[in-house]
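# What the coordinates show
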Amino acid sequence: QVQLVESGGGLVQAGGSLRLSCAASTNIFSINAMGWYRQAPGKQRELVAAISSGGSTNYADSVKGRVTISRDNAKNMVYLQMNSLRPEDTAVYYCTTARNIVLVTTAPRYWGQGTQVTVSS
């Protein structure tokens with residue numbers, strides 16, 4: 001059973017920062033890649049960032065330089081540090097996992113409930 005629970009969303013002014021957290025099932029975390037997606041109203045869900053079990057990362061071009069994904073294997077947690085936030089970053093952010101980073105970026109299967117991020121101008 002894969003369980004993912006996101007937290008850390010909220011309302012922030014443009015230019016501000018947020019740190020999202022995702023708690024993952026103990027039985028899968030240490031061997032799986034993890035990722036963050038987001039979905040804005042009326043838009044498709046899109047990849048924000050992904051991290052392999054070994055720490056390799058991928059980022060969407062729209063967030064490069066502003067966002068950092070990290071993981072703490074001892075705590076079964078993955079984080080998304082978001083800086084210099086823009087109104088266009090407003091979306092529901094979802095955590096996902098898959099066997100490897102390629103699957104996280106191409107065929108994610110498991111999702112948490114999401115956490116809302118709202119950036120005001």
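The structure we're discussing is the one just above.
Per chain, the residues get numbers from 1 upward, laid out in the order the sequence is written. Confidence filtering applies because this is a predicted model: local features only for residues at pLDDT of at least 70, side-chain atom pairs given and counted only at 80 or more, and all residues used for totals across whole chains, interfaces and linings. Excluded from the side-chain calculation are hydrogens and water; included are all heavy atoms of the structure.

### Some words on the state of the cysteines
We call a pair of cysteine sulfur atoms a disulfide when they lie within 2.5 Å. By the definition in use, this model includes one disulfide. Here C22 pairs with C95 through a disulfide, and the sulfurs are 2.1 Å apart. When the S-S torsion is -85°, as for the bridge of C22 with C95, the disulfide is left-handed. Here C95 lies in strand 9 (residues 91-98) and C22 lies in strand 3 (residues 18-24), a separation of 73 residues in the sequence. In this text, helices come from DSSP runs of H or I with a minimum length of four residues, and strands from runs of E with a minimum of two, each type numbered from the N-terminal end.

### Points about the pattern of salt bridges
One side-chain nitrogen of Lys or Arg within 4 Å of one carboxyl oxygen of Asp or Glu is enough to make a salt bridge. Throughout the structure, instances matching the rule amount to four salt bridges. For R38, the salt bridge identified is with E46, shortest N-O distance 2.7 Å. Under the scheme applied here, a residue whose accessible area is under 20% of the maximum for its type counts as buried, over 50% as exposed, and between as partly exposed, the area being computed with a 1.4 Å probe on protein chains only. Since its relative accessible area comes to 6%, R38 is described here as buried. Residue classification places E46 among the partly exposed residues on the basis of a relative accessible area of 36%. Across the salt bridge formed by K64 and D61, the nearest N and O atoms sit 3.2 Å from each other. The pair formed by K64 and D61 is uniform in burial state, with each residue classed as exposed. Through salt bridges with shared partners, a single network forms among R38, E46, R66 and D89.

### Details of the nonpolar core
If you look at soluble globular proteins, the nonpolar side chains tend to sit buried side by side. By convention a nonpolar core is built from buried Ala, Val, Leu, Ile, Met, Phe, Trp, Tyr and Cys residues, the set being connected through side-chain atoms within 4.5 Å. Counting 25 residues, the largest nonpolar core has M34, W36, V48, V78, L80, M82 and Y93 as the members making the most contacts within it. The leading source of residues in this core is strand 3, at four residues. Counting five residues, the second largest nonpolar core, distinct from the first, contains A33, A50, A98 and I101.

### Section: the packing of aromatic side chains
We call Phe, Tyr and Trp rings a pair once their centres come within 6.5 Å, taking the six-membered ring for Trp, and we label the pair stacked below 30 degrees between planes, edge-to-face above 60, and tilted otherwise. Throughout the structure, instances matching the rule amount to two aromatic pairs. Note on Y37 and W111: the rings are 5.1 Å apart at their centroids and 85° apart in plane angle, and the pair reads as edge-to-face. Here the residue Y37 occupies a position in strand 4 (residues 33-39), and W111 occupies one in strand 10 (residues 110-111), the gap between them amounting to 74 residues. Among the residues examined, Y37 registers a relative accessible area of 7% and is labelled buried. Judged by its relative accessible area of 32%, W111 is partly exposed. Each ring, one from Y94 and one from W111, has its centre 6.2 Å from the other, and the planes form 80°; the classification is edge-to-face. Placement of the pair is Y94 in strand 9 and W111 in strand 10, with a sequence separation of 17 residues. Y94 gets classed as buried once you look at its relative accessible area, which sits at 14%. Through a chain of ring-to-ring contacts, the aromatic side chains of Y37, Y94 and W111 assemble into a single cluster. Think of it as a cone above the ring: NZ of Lys or CZ of Arg counts as a charge over the ring if it is within 6 Å of the ring centre and within 35 degrees of the ring normal. Positioned above the aromatic ring of Y94 is the side chain of R45, whose terminal nitrogen or guanidinium carbon lies 3.7 Å from the ring centre.

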